[in-house]
Number of protein chains: 2
Amino acid sequence: MTTAKRTTFADVSRIDEISPGAFTAEADPEWTIGGKPNGGYLLGMLGRAATQSATHQHVLAASAHYLSSPKPGPIHLVTEVLRTGRSASQVRARMSQDENPCVEATFTLGTLAQDSTPQWTDGTPEPGPFAQDDCEPVNGARGVAILDQVDLRIHPDDSGFSRGTPNGSGVLRGWLGLPDGEHFDPISLLYAVDSFPPATMNIAITGWVPTLELTAYVRALPAPGPVRILHKAQLIDDNRVDESCFVWDSRDRLVAQATQLAGIRLNPPE
Amino acid sequence: MTTAKRTTFADVSRIDEISPGAFTAEADPEWTIGGKPNGGYLLGMLGRAATQSATHQHVLAASAHYLSSPKPGPIHLVTEVLRTGRSASQVRARMSQDENPCVEATFTLGTLAQDSTPQWTDGTPEPGPFAQDDCEPVNGARGVAILDQVDLRIHPDDSGFSRGTPNGSGVLRGWLGLPDGEHFDPISLLYAVDSFPPATMNIAITGWVPTLELTAYVRALPAPGPVRILHKAQLIDDNRVDESCFVWDSRDRLVAQATQLAGIRLNPPE
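Residues numbered from 1 in each chain as written. Chains lettered and ligands numbered in written order. Predicted model: local features only at pLDDT ≥ 70, side-chain atom pairs only at ≥ 80, totals over all residues. Heavy atoms only, no water.

A.B. asks: Would you explain the overall build of chain A in this entry?
C.D. replies: Of the regular secondary structure elements, chain A holds three helices and 16 strands. Compactness check: chain A gives a C-alpha radius of gyration of 18 Å against a globular reference of 18 Å for 270 residues, within 12% of the reference. In chain A, which comprises 270 residues, the proportion classed as buried is 63%. Put simply, of all contacts in chain A between residues at least 6 apart along the chain, 69% involve residues at least 24 apart. Total accessible area computed for chain A in this model is approximately 10600 Å², and 50% of it derives from carbon and sulfur atoms. Charged side chains in chain A number 21 positive and 32 negative. The centres of these two groups are separated by 3 Å. (Helix = DSSP H or I, 4+ residues; strand = E, 2+ residues; numbered from the N terminus. Rg over C-alpha atoms; globule rule 2.2 N^0.38 Å. Buried < 20%, exposed > 50% of the residue type's maximum accessible area, 1.4 Å probe, protein only. Contact = heavy atoms within 4.5 Å. Areas by Shrake-Rupley, 256 points an atom, 1.4 Å probe, with all protein chains shown as cover. Lys, Arg positive; Asp, Glu negative; His and termini not counted. Charge placed at Lys NZ, Arg CZ, Asp CG, Glu CD.)

As structure tokens, this is what we get:
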């Protein structure tokens, strides 16, 4: 189905510490959309840098502000530890390229229990069960190179947008697998929450939907295997939309969630 | 009902620029919970500093990381403009006291239309209509001084927690008014999204629920009058809870929303 060489997330998000709190990395040309690296992929690299700078090993929360898109190629990351607490630390991380700031994100780090069980839940959106095999693979046509790297599949009821017929729901359900069956971890979950096309594609076909702010929470360590995703738009007002994303692992456990505010231009009503 | 002198939000959140990007302010002793300034109130001050540092006049998004609580008294704020774009700017702001960092927040600023109408919505939680007069005023007993400043009222079906009987819903509905009928604006909406007690109070009576990360989106300019609020918990796992907050103005328009991740210790099941 794909001819592009596949590279694991661990490989393309690798960072090298060159001095305390300073790192170099390479934005991979294949993990891109229209030639620009995916925002969640970049957030994963920042999360790696934050984690290496802190005494706590897991990302619990990340809030990202996208300033300018880097090109594929060398990038630079610097971190600043804001606070080191007993159960949580806060670290700010910035990515730049040729001295232009690209992304700034602040992380809350802590320790995710190896084997926790949800203590209470109510109102988590539940898209209902649907099998990975029943979803439609989406490949890297139209310049979305990253879709030849990962295994992204969309629920058949939600995939009409790709044929020019949005179903009006503002919802995208599906599955995501990493290359070569690679397992998810808290870092690659930062990519997962931003891996799907804009949920607004199922409202109207629009141009670019640029992210203004993205906040992700990692809720539990993911089990091996692909993850099930619900990505949904909530309100479009004043040319901005908020979208929520929920990620369940193969045990059907909510492992990550995110919210983002993005710009959008709907065509004016006729 | 209250004897404490009431001070407007505009007064208690006033900041004075002492040099470009540097401000002084006073954390008010009455806008506190257990002697500590409310986190949304502090975020409002940071939003004011960010707005004064940018070319765009309205906060669209704010993500806050709470590092240590300041005491009532003099505080210092510094801002750094991360990017100035055509339709949006990003500004990072930090609050400190006696050189201890207290709160760091990053803001997306832009321009909210004077008269926009929602273009699409689906799935915004809708708590149904309920009148301000039918809700129960909550006053500043038990050290929550701020509740003698603002007019916070809880839906009668949700207020049992204050008498030791949580209803199990994880939901708090109610209304919020500022002192002396002061109108809301994008800055005071940053307080509104963090004004309610933890929604987990309607699950179990617990100790302090410290915010790890809070992200707020301002969606529209609010109409004059009090705001209606829905504050709800979604999932408690591994001693952390995510809570969402939705704020509607007197026209019944969603004007702000927020999500936060907080620490929580439920008693182990008996």
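A.B. asks: In this structure, what is going on with the packing of aromatic side chains? I would like to understand it.
C.D. replies: Any two aromatic rings considered together are summarised by their centre-to-centre distance and by the angle between their planes. Counting across every chain of the model gives twelve aromatic pairs over all chains. For the pair Phe-9 of chain B and Tyr-41 of chain B, a centre-to-centre distance of 6.4 Å together with 70° between the ring planes defines the contact as edge-to-face. Placement of the pair is Phe-9 of chain B in helix H1 (residues 9-12) and Tyr-41 of chain B in helix H2 (residues 39-53), with a sequence separation of 32 residues. Across the pair, Tyr-41 of chain B and Phe-9 of chain B agree in class, each one buried. Residue placement shows Arg-228 of chain A over the ring face of Trp-248 of chain A; its charged tip is 4.9 Å from the ring centre. (Phe/Tyr/Trp six-rings, centres within 6.5 Å; stacked < 30°, edge-to-face > 60°. Lys NZ or Arg CZ within 6 Å of the ring centre and 35° of its normal.)

A.B. asks: Help me understand the environment of Leu-147 of chain B in this model?
C.D. replies: All names here are of chain B. Looking at the secondary structure, you find Leu-147 in the loop between strand E10 (136-138) and strand E11 (151-154). A residue is classified by how much of its surface remains accessible, and Leu-147, at 11% relative accessible area, is buried. Taking the C-alpha atoms as reference, Leu-147 lies 35 Å from Pro-20; in sequence the two are 127 residues apart. Ignoring sequence-local partners within four residues, the contact set of Leu-147 consists of Val-138, Asn-139, Gly-140 and Leu-152.

A.B. asks: How should I be thinking about the nonpolar core in this particular structure?
C.D. replies: One finds Phe-107 and Val-247 of chain B to be the most contacted residues of the largest nonpolar core, which totals 65 residues. For this core, the leading source of residues is H2 of chain B, giving seven residues. Both domains that meet at this core, namely domain 1 (9-110) and domain 2 (132-263) of chain B, each give it at least three residues. Core analysis: the next-biggest nonpolar cluster, separate from the first, contains 64 residues, Cys-102, Ile-146, Leu-214 and Val-255 of chain A among them. (Core = buried A, V, L, I, M, F, W, Y, C linked by side-chain atoms within 4.5 Å. Domains from an automatic or database assignment.)

A.B. asks: Explain the relation of the copies chain A and chain B to me, please; I cannot follow it from the model alone.
C.D. replies: Between the two copies of this chain, the relationship is a rotation about some axis together with a displacement along it. The operation relating chain A to chain B is a screw motion whose rotation component is 180°, with 0.0 Å of axial translation and a residual RMSD of 0.0 Å. Taken together, the turn and the small shift mark the pair as related by a two-fold rotation axis. Among all residues of chain A, the minimum C-alpha distance to the rotation axis is found for Ser-63 of chain A, at 3.2 Å. A shared interface surface links the copies, since 100% of the contact residues of chain A are contact residues in chain B too. (Least-squares fit on C-alpha atoms with pLDDT ≥ 70 in both.)

A.B. asks: It is not clear to me how the domain arrangement of chain A should be interpreted in this structure. Could you clarify?
C.D. replies: Interface size is commonly expressed as the accessible surface area that is lost when the partners come together. Residue and element names in this part refer to chain A. Structurally, chain A comprises domain 1 (9-110) and domain 2 (132-263). Between the C-alpha centres of domain 1 and domain 2 the distance comes to 21 Å. Each partner contributes residues to the interface: domain 1 has 28 residues there, and domain 2 has 25 residues. Here domain 1 packs against domain 2, burying approximately 2100 Å² in sum over the two surfaces, 62% of which is carbon and sulfur. If you look at where domain 1 meets domain 2, you find zero salt bridges. Seen at the junction of domain 1 and domain 2, the total is twelve residue pairs in polar contact (both at pLDDT 80 or more). Taken together, the elements giving at least two residues each to the side of domain 1 that touches domain 2 come down to helix H1 (9-12), strand E3 (32-33), helix H2 (39-53) and strand E5 (58-66). Tallying contributions element by element places E5 first for the side of domain 1 that touches domain 2, with nine residues. The residue inventory of the side of domain 1 that touches domain 2, partitioned by class, reads 14 nonpolar, twelve polar and two charged. (Buried area = accessible area lost by both parts, 1.4 Å probe. Salt bridge = Lys/Arg side-chain N within 4 Å of Asp/Glu carboxyl O. Polar contact = N/O pair within 3.5 Å; in protein donor to acceptor, adjacent residues only side chain to side chain. Nonpolar A, V, L, I, M, F, W, Y, C, P; charged D, E, K, R; others polar.)

A.B. asks: I would appreciate a short explanation of the UniProt feature "domain: Acyl-CoA thioesterase-like C-terminal" (unreviewed entry) in chain A in the present structure.
C.D. replies: If you check UniProt for "domain: Acyl-CoA thioesterase-like C-terminal" (unreviewed entry), the listed places come out as residues 133-262 of chain A in our numbering. Within residues 133-262 of chain A, the helical portion is 5% and the strand portion 39%, while the C-alpha atoms at the span's ends are 31 Å from each other. (UniProt positions renumbered as here; feature names shortened; annotations may be inferred.)

A.B. asks: Before we go on, may I ask you to explain the UniProt feature "domain: Acyl-CoA thioesterase-like N-terminal HotDog" (unreviewed entry) in chain A in this structure?
C.D. replies: Those residues carrying the UniProt feature "domain: Acyl-CoA thioesterase-like N-terminal HotDog" (unreviewed entry) are residues 28-110 of chain A in this numbering. Its end C-alpha atoms 28 Å apart, residues 28-110 of chain A is made of 18% helix and 54% strand.

A.B. asks: Explain the interface of chain A and chain B to me, please; I cannot follow it from the model alone.
C.D. replies: Listed by partner, the interface residues are 60 residues for chain A and 60 residues for chain B. Buried area between chain A and chain B, summed over both chains or domains, comes out near 4900 Å², and the portion from carbon and sulfur atoms is 48%. Looking at the side of chain A facing chain B, the largest losses of area belong to Trp-120, Arg-219 and Gln-234 of chain A, adding up to 16% of the total buried there. Connecting chain A to chain B are eight salt bridges. Residues Glu-80 of chain B and Arg-94 of chain A are paired through a salt bridge, measuring 3.6 Å at the closest nitrogen-oxygen approach. Across the chain A-chain B interface, the total number found is 40 residue pairs in polar contact (both at pLDDT 80 or more). Its residues assigned to classes, the side of chain A that touches chain B comprises 25 nonpolar, 21 polar and 14 charged.

A.B. asks: Help me out: how do you make sense of the pairing of strand E15 (residues 240-248) of chain A in this one?
C.D. replies: Taken residue by residue, a regular strand's side chains alternate between the two faces of the sheet. All names here are of chain A. Counting buried residues in E15 gives nine out of nine residues, a clear majority hidden from the surface. Both faces of E15 are covered, namely the face carrying Arg-240, Asp-242, Ser-244, Phe-246 and Trp-248 and the face carrying Val-241, Glu-243, Cys-245 and Val-247. Strand direction decides the pairing type here: strand E14 (residues 227-237) and E15, joined by nine bridges, are antiparallel. Within E15, the position partnered with Asp-237 by the bridge is Arg-240. Counted along the chain from E14 to the antiparallel partner E15, the turn is two residues long, and its residue Asp-238 has a positive phi close to 55°. (Pairing = 2+ DSSP bridges.)

A.B. asks: Honestly, the pattern of salt bridges in this entry has me stumped. Any pointers?
C.D. replies: This model, assessed by the stated rule, comprises 28 salt bridges over all chains. Across the salt bridge formed by Glu-104 of chain A and Arg-92 of chain B, the nearest N and O atoms sit 2.6 Å from each other. Note that Glu-104 of chain A is positioned in strand E8 (residues 100-110) and Arg-92 of chain B in strand E7 (residues 89-97), a pairing that runs across two chains. Arg-92 of chain B carries the same exposure label as Glu-104 of chain A, and that label is buried. The closest approach of N and O atoms between Arg-173 of chain A and Asp-158 of chain A, which form a salt bridge, is 2.8 Å.

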